[in-house]
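A look at the structure
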Amino acid sequence: MMKISTKGQYALLIMTELAEQPEGKFIPLKLLSHRHNLSVKYLEQILIHLSKAGLVIGVRGSNGGYKLVKKTEEYTTGEILRALEGDLSPINVRENNVITDTGNDDYWKDFEVVINNYVDSVTLDKLVEKNKENTGWMYYI
């Protein structure tokens, strides 16, 4: 079963927050940590992966923090998730770069194509837009 880890989920959340900032503005790690109630160390692990993938840039110092490298419409949720999760295959069929026979191989290959096409079709700016549409709703139980 394919499962996106909490790190992958938080990576999308942090990237959307960085996308909502004025272009070129660095957001301090501590501020991101506070806003999302995450430890600085945990958030730093996520941002290191995003930085190594060339998706964000980090600067130290009093005016430091993190910012996006590209425009929001140039990012896909697929590249963000892959930076944290690696391959987004629905089943583990690859061992030592050899695909093992799992039966129904065409089905699994088609399923993988659908997943990858979807995450590669949703850009960061579309995700930010969807989040704004859902803002303001209050649910009471």
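Since we're looking at a predicted model, the values are computed, not measured.

Procedures and definitions
Residues numbered from 1 in each chain as written. Predicted model: local features only at pLDDT ≥ 70, side-chain atom pairs only at ≥ 80, totals over all residues. Heavy atoms only, no water. Phe/Tyr/Trp six-rings, centres within 6.5 Å; stacked < 30°, edge-to-face > 60°. Helix = DSSP H or I, 4+ residues; strand = E, 2+ residues; numbered from the N terminus. Buried < 20%, exposed > 50% of the residue type's maximum accessible area, 1.4 Å probe, protein only. Lys NZ or Arg CZ within 6 Å of the ring centre and 35° of its normal. Core = buried A, V, L, I, M, F, W, Y, C linked by side-chain atoms within 4.5 Å. Contact = heavy atoms within 4.5 Å.

Enumeration over the complete set of coordinates arrives at four aromatic pairs. Centre to centre, the rings of tyrosine 10 and tyrosine 42 are 6.0 Å apart; their planes meet at 90°, and the pair counts as edge-to-face. Linking tyrosine 10 in helix α1 (residues 6-19) with tyrosine 42 in helix α3 (residues 40-52), this pair joins segments that are 32 residues apart in sequence. Both rings, one in tyrosine 107 and one in phenylalanine 111, keep their centres 6.1 Å apart while their planes meet at 25°; by these two values the pair is stacked. Residue tyrosine 107 and its partner phenylalanine 111 are located together in helix α5 (residues 105-121), separated by four residues, close to a single helical turn. Note on phenylalanine 111: relative accessible area 34%, which makes it partly exposed. In textbook terms, an aromatic cluster arises when at least three aromatic residues are bridged by ring pairs, as seen for Tyr107, Trp108 and Phe111. Positioned above the aromatic ring of tyrosine 75, the side-chain terminus of lysine 70 is 4.8 Å from the ring centre.

Counting 28 residues, the largest nonpolar core has Met15, Leu47, Leu50 and Ile80 as the members making the most contacts within it. In terms of residue count, α1 provides more of this core than any other element does, six residues in total. Once you skip the residues sitting within four places of it in the chain, isoleucine 80 turns out to touch Ala11, Leu12, Met15, Leu50, Leu55, Tyr75 and Leu124.

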